[in-house]
Amino acid sequence: MELIIKPTEKCNFKCTFCSSTHLTEDKTKTLDLNLIFQFLDRFPETHSIIVNGGDPLMVPRDYYFHIIEYLDKKNLPANFSFTSNLWGFYNNPNYWTDLLKHPRVGVTTSFNYGETRRITETRVYTEDIFWKVSDLFLERIGYRPDFISVINYDNYETAIDNVYLAKKMNVECKLNYSVASGAQSLPFLKGHIYKTYLDIIEKGLAPWEFNSKQLLSKQKSLHTVCPLSRNCDKHIRALQPDGDYYSCGAFGDDRLFPINFKKEMAQSDREAPLAAVAELQHMKNDCLACPLFSICNGCRKTIHDVKSHGLVEEHCSLMQSNMERLLPLVS
């Protein structure tokens, strides 16, 4: 079991693509720790607490130390996986070092080329600044963090450059295509990003890009990791600042398909709510006979976005154009 927590909607960046701008009506709200504790009591096998937001470092460090104390007290196995821009750390490393060096804590950061990732509305988070943040993290925490790059129509042409940067840094990046949530109103079609993944594989760059490696692992039928899993609602839960509860962090951004938290905490069986929603099963009936079914329909949030924006045929045409290159990886 994995738990995504979004303690706050607050963020110290002004990225143009941000999907998490409507998590709560009360922008000052912080997720109640007791809800996290209740979840851990109900699912003690939880192995990962994924922290994003808003930016995780916009709440005090003691918030996370309280969770660590609870894990230690209950002898629970869960570790933290933070996804943060690390701007808070960069500007106040002494405050955050003890937490980020804790053995239960791992950190992934974020960067992409172009002008979409911004510190302020007019100040772009450049490669030079990113190197400074990464260098300080290496110095103080002991390793360079991997990073996530959000790819949309504004920065698609530089997508593969992020992988070359990851190779130079000797870390791994993860090229995530943008979904239609928050400030990002239009989904980035999979056909474009899969062309990039295929280019990465053919250029020998897959060791430095997470999703390309997962695509290669499809040969072993490892359908386990977002966005290549159709069964994520069985083993992922997300808690938002208001205490809203979902089986998908991306649907949580939209506040769609919530789960009744009290009910699931009280019953012995966990729900798989997305698997029961008819319109989230596939993009169109023709998908059922297509060898790319698991690629195109591996993420129910993507199915929702493409269908709700009337882009099914455009998506299908783009994926068909990649068919010859993709088939050896999915057969």
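See above for the structure.
Position numbers for residues count from 1 along each chain, tracking the sequence in the order it is written. Predicted model: local features are reported for residues with pLDDT of at least 70 only, side-chain atom pairs are reported and counted for 80 or more only, and whole-chain, interface and lining totals are derived from all residues. The side-chain values count all of the structure's non-hydrogen atoms but skip hydrogen atoms and water molecules.

The next subject is the pattern of salt bridges. Salt bridges, as used here, are contacts in which a Lys or Arg side-chain nitrogen is within 4 Å of a carboxyl oxygen on Asp or Glu. Under the criterion given, the structure shown has 13 salt bridges. Of the charged contacts in the structure, one is a salt bridge between K6 and D253, with a shortest N-O distance of 2.7 Å. Here K6 is found in the loop between strand 1 (2–5) and helix 1 (33–42), whereas its partner D253 is found in helix 9 (residues 249–254), with 247 residues between them in sequence. Residues K6 and D253 agree in their burial class; the two are buried. As a salt-bridge pair, R325 and E202 come within 2.9 Å of each other at their nearest N and O atoms. Taken as a pair, R325 in helix 14 (residues 323–330) and E202 in helix 7 (residues 190–202) lie far apart in primary sequence, 123 residues in all. Of the residues examined, R325 reaches a relative accessible area of 26% and is grouped as partly exposed. Judged by its relative accessible area of 55%, E202 falls in the exposed class. Put simply, DSSP marks the helices as runs of H or I at least four residues long and the strands as runs of E at least two long, and each gets a number from the N terminus on. Whether a residue is buried, partly exposed or exposed follows from its accessible area with a 1.4 Å probe, protein chains only, as a fraction of its type maximum: under 20%, in between, or over 50%, in that order.

Under this scheme, a helix contributes an axis fitted over its contacting stretch, all axes are lines through C-alpha atoms, and angles between N-to-C directions fall in the 0 to 180 degree range. Orientation of helix 7 relative to helix 13 (residues 312–321), taken along the N-to-C sense of each, is 20 degrees, at an axis distance of 8 Å. By the angle class used here, helix 7 and helix 13 are roughly parallel. Where helix 7 crosses over helix 13, the two elements pack in a sense that is right-handed. Here K190, G191, H192 and Y194 of helix 7 lie close against helix 13, whose contacting residues are H315, L318 and M319. In what follows, roughly perpendicular refers to angles from 65 to 115 degrees, roughly parallel to angles under 35, roughly antiparallel to angles over 145, and oblique to any angle outside these ranges. Left-handed describes a crossing whose near helix is turned anticlockwise from the far helix by less than a right angle; the clockwise case is right-handed. Contacts between residues were defined by any pair of non-hydrogen atoms, one from each residue, lying within 4.5 Å.

Of note, the amide linkage connecting G53 to G54 takes the cis form, showing an omega dihedral of 25 degrees. Looking at the element boundaries, G54 is found in the loop between strand 2 (48–51) and helix 2 (61–74). Despite not being glycine, L86 shows a phi value in the positive range, around 65 degrees. Position of L86 among the secondary structure elements: in the loop between strand 3 (79–83) and helix 3 (87–91). When its relative accessible area of 1% is taken as the criterion, L86 is described as buried.

Now for the sheet that holds strand 2. Within the open sheet, the 8 strands sit side by side as 6-5-4-3-2-1-7-8. Their pairing is mixed. Among the strands making up the open sheet, the edge pair consists of strand 6 (173–177) and strand 8 (245–246). In this fold helix 2 packs onto strand 1, strand 2, strand 3 and strand 4 (105–110), with an angle of close to 160 degrees to the strand it touches most, strand 3. Strands pair, by our definition, only if DSSP identifies at least two bridges between them.

On to the pairing of strand 6, then. Along any regular strand, the residues point their side chains to alternate faces of the sheet. For strand 6, the buried fraction is high: 4 of the 5 residues fall into the buried class. Both strand 5 (residues 146–151) and strand 6 contribute to a ladder of 5 bridges, which runs parallel. Bridge pairing links I148 to K174 in strand 6.

Next up on the list: the environment of T116. Within the fold, T116 resides in the loop between strand 4 and helix 5 (127–141). A sequence separation of 39 residues divides T116 from N155, and the C-alpha atoms of the two residues are 7.4 Å apart. Pairs of N or O atoms are called polar contacts if they sit within 3.5 Å, as long as, within protein, a hydrogen donor faces a hydrogen acceptor (for residues adjacent in sequence, only side-chain-to-side-chain pairs). In terms of polar contacts, T116 uses its side chain to reach the side chain of N155, at 3.3 Å.

Turning our attention to the packing of aromatic side chains. Ring pairs are drawn from Phe, Tyr and Trp, using the six-membered ring of Trp, whenever the two centres fall within 6.5 Å, and their geometry is named by plane angle: stacked under 30 degrees, edge-to-face over 60, tilted for the rest. Counting across every chain of the model gives 25 aromatic pairs. Summarising the aromatic geometry, the rings of F111 and F130 are spaced 4.7 Å apart at their centres and angled 5 degrees between planes, so their arrangement reads as stacked. Of this pair, F111 sits in the loop between strand 4 and helix 5 while F130 sits in helix 5, placing them 19 residues apart in sequence. Across the pair, F130 and F111 agree in class, each one buried. Connected via pairs of aromatic rings, a cluster forms that spans F13, W87, Y90, F111, Y113, Y125, F130 and F147. Its end group placed over the ring of Y95, R61 keeps NZ or CZ at 4.4 Å from the ring centre. Look at NZ for Lys and CZ for Arg. If either is within 6 Å of the ring centre and within 35 degrees of the ring normal, a charge sits over the ring.

Fair warning: the whole summary comes from geometry, so function is off the table for now.
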